[in-house]
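# Fold and geometry: a report
Here is how the chains run, residue by residue.
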Amino acid sequence: MSLKVTMLATASAIFLGAAMPALAQDWNLNGNASADYQNLDGHGFDARSWNGQGSVVTDTGALGGLNLEGDLGYGRVITSPGDFDRWTVGADAIWRNPSQYAVGAAVQTTKLEADGANEQVTSYGGFGQYYMDAVTLDAKAGLFNGGRSFDGVYYGGGGTLYAGPNLGLSARADRTQFNDVHVNDTDYSFKAEYLLNDLLGTGTPLSVYGGYTRTNIDAFRNDDPNVWLAGLKVYFGQGSLQEQQRGAALDPGDTQLHPAGLF
């Protein structure tokens, strides 16, 4: 798939997200759509990717606060050896109290396609978030399996400080361990997101975000890659950034398998 097609699909997802509020209210849905660009500088191995992602969540009204979330993402990764496409489909079952906590289970399938070949990895895990006045703490853990020795475990955690209701500053550490090939990926990430409610009004809840990840991959020895991120996100719910992130769709990167240095 060409970069032009990727960008067109991503833009369509964002405009769809902007048009969703009425449908969301009728169906008791909430969620977001985003588009971003990432650049990986591996000191001899460079890559960049264009990504689009959407998440939808519904409150079932059952079992004391059960929410169900679905996630869909696509990325075009451009590297020197060869380009590949990355598709992700994920689902979360979330038990939540938006003023105190969220706990749940997650499953995700990632499919990598390049020149007719493909690889599929499926992960299963759990996660939790704890909410304080201006701080969210989170943790996740699970296992994954696929072909060609893609088996192992993942775990991680972090926190978000809300410098204001529409400004979130996040830091986290995540680790992915492969059982058979003895390769580990450890990511140290920082991210800032600002919801432009004050500038654009609550009717167009658009946010901008950017981040940096220092990723340590055993096979790279001392050449730890740097990953830079910049993107836009549209929320089709109401409320501040803090309210959206605690009461609506959760970020799949905080709940599911997401090794920045490997996929």
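Below: a short report on this structure. Predicted model only: the values in this text are computed from it and were never measured.

Quick look at the overall build of the protein chain now. For the protein chain, the helix and strand inventory stands at five helices and twelve strands. The proportion of buried residues among the 263 residues of the protein chain is 44%. Pairs at least 24 apart in sequence give 54% of the contacts found in the protein chain among residues at least 6 apart. As displayed, the protein chain offers around 12500 Å² of accessible surface, 60% of which is attributable to carbon and sulfur atoms.

Under the criterion given, the structure shown has one cavity of 30 Å³ or more. Size it by volume and the largest cavity reaches roughly 50 Å³. Looking at the largest cavity, the residues that line it are Lys140, Tyr154, Tyr155, Asp174, Arg175, Thr176, Asp187, Leu257, His258 and Pro259. Among the elements of the structure, strand E8 (152-164) and strand E9 (167-178) are those that each provide at least two residues to the lining of the largest cavity. The biggest single contributor to the lining of the largest cavity is E9, with three residues. The residue makeup of the lining of the largest cavity, split by class, is four nonpolar, two polar and four charged.

Moving on, we come to the nonpolar core. By size, the foremost hydrophobic cluster in this structure holds six residues: Ile94, Ala102, Ala106, Phe127, Tyr131 and Leu250. Taken together, the elements giving at least two residues each to this core come down to strand E5 (101-114) and strand E6 (117-131). Leaving out residues up to four positions away in the same chain, alanine 106 has contacts with Ala91, Asp92, Ser123, Tyr124, Gly125, Phe127, Thr255 and Gln256. Listed in part, the five residues of the second largest apolar core include Val121, Phe144, Tyr154 and Phe178.

Counting through the fold element by element, glutamine 100 comes out in the loop between strand E4 (84-97) and E5. Once the C-alpha coordinates of glutamine 100 and glutamine 129 are considered, the two residues, 29 residues apart in sequence, prove to be 8.5 Å apart. Here glutamine 100 is in contact with Gln129, Tyr130 and Tyr131, once residues within four sequence places are set aside.

If you walk through the whole model with that rule in mind, you get four aromatic pairs. Seen in terms of ring centroids, phenylalanine 144 and phenylalanine 178 are 5.1 Å apart; in terms of plane orientation they differ by 70°. Their pairing is edge-to-face. Of the two residues, phenylalanine 144 sits in strand E7 (residues 135-146) while phenylalanine 178 sits in strand E9, which places them 34 residues apart along the sequence. Taking relative accessible area as the criterion, phenylalanine 144 reaches 3% and is therefore assigned buried. Centroid distance tyrosine 212 to tryptophan 228: 4.6 Å. Interplanar angle 45°. Geometry classified as tilted. Of this pair, tyrosine 212 sits in strand E11 (residues 206-217) while tryptophan 228 sits in strand E12 (residues 226-235), placing them 16 residues apart in sequence. A cation over a ring is seen here: lysine 233 above tyrosine 209, with NZ or CZ 5.8 Å from the ring centre.

Another point: the sheet that holds E5. In space, the twelve strands of this closed barrel follow the order E1-E2-E3-E4-E5-E6-E7-E8-E9-E10-E11-E12, with antiparallel pairing throughout. Strand-to-strand twist of the sheet, defined as the mean angle between neighbouring strand axes without regard to direction, takes the value 20°. Taken together, the ten bridges between strand E1 (residues 29-41) and E12 define a ladder with antiparallel strand orientation. Directly across from leucine 40, in E12, lies its bridge partner valine 227.

About the criteria used
- Residues numbered from 1 in each chain as written.
- Predicted model: local features only at pLDDT ≥ 70, side-chain atom pairs only at ≥ 80, totals over all residues.
- Heavy atoms only, no water.
- Helix = DSSP H or I, 4+ residues; strand = E, 2+ residues; numbered from the N terminus.
- Buried < 20%, exposed > 50% of the residue type's maximum accessible area, 1.4 Å probe, protein only.
- Contact = heavy atoms within 4.5 Å.
- Areas by Shrake-Rupley, 256 points an atom, 1.4 Å probe, with all protein chains shown as cover.
- 1 Å grid on protein atoms, 1.4 Å probe; cavity = no way out; pocket = protein on both sides within 12 Å on 5 of 7 lines; lining within 4 Å.
- Points joined across faces, edges and corners; volume = space filled by probe spheres on them.
- Nonpolar A, V, L, I, M, F, W, Y, C, P; charged D, E, K, R; others polar.
- Core = buried A, V, L, I, M, F, W, Y, C linked by side-chain atoms within 4.5 Å.
- Phe/Tyr/Trp six-rings, centres within 6.5 Å; stacked < 30°, edge-to-face > 60°.
- Lys NZ or Arg CZ within 6 Å of the ring centre and 35° of its normal.
- Pairing = 2+ DSSP bridges.
- Axes fitted to C-alpha atoms, helices over the stretch in contact; angles between N-to-C directions.

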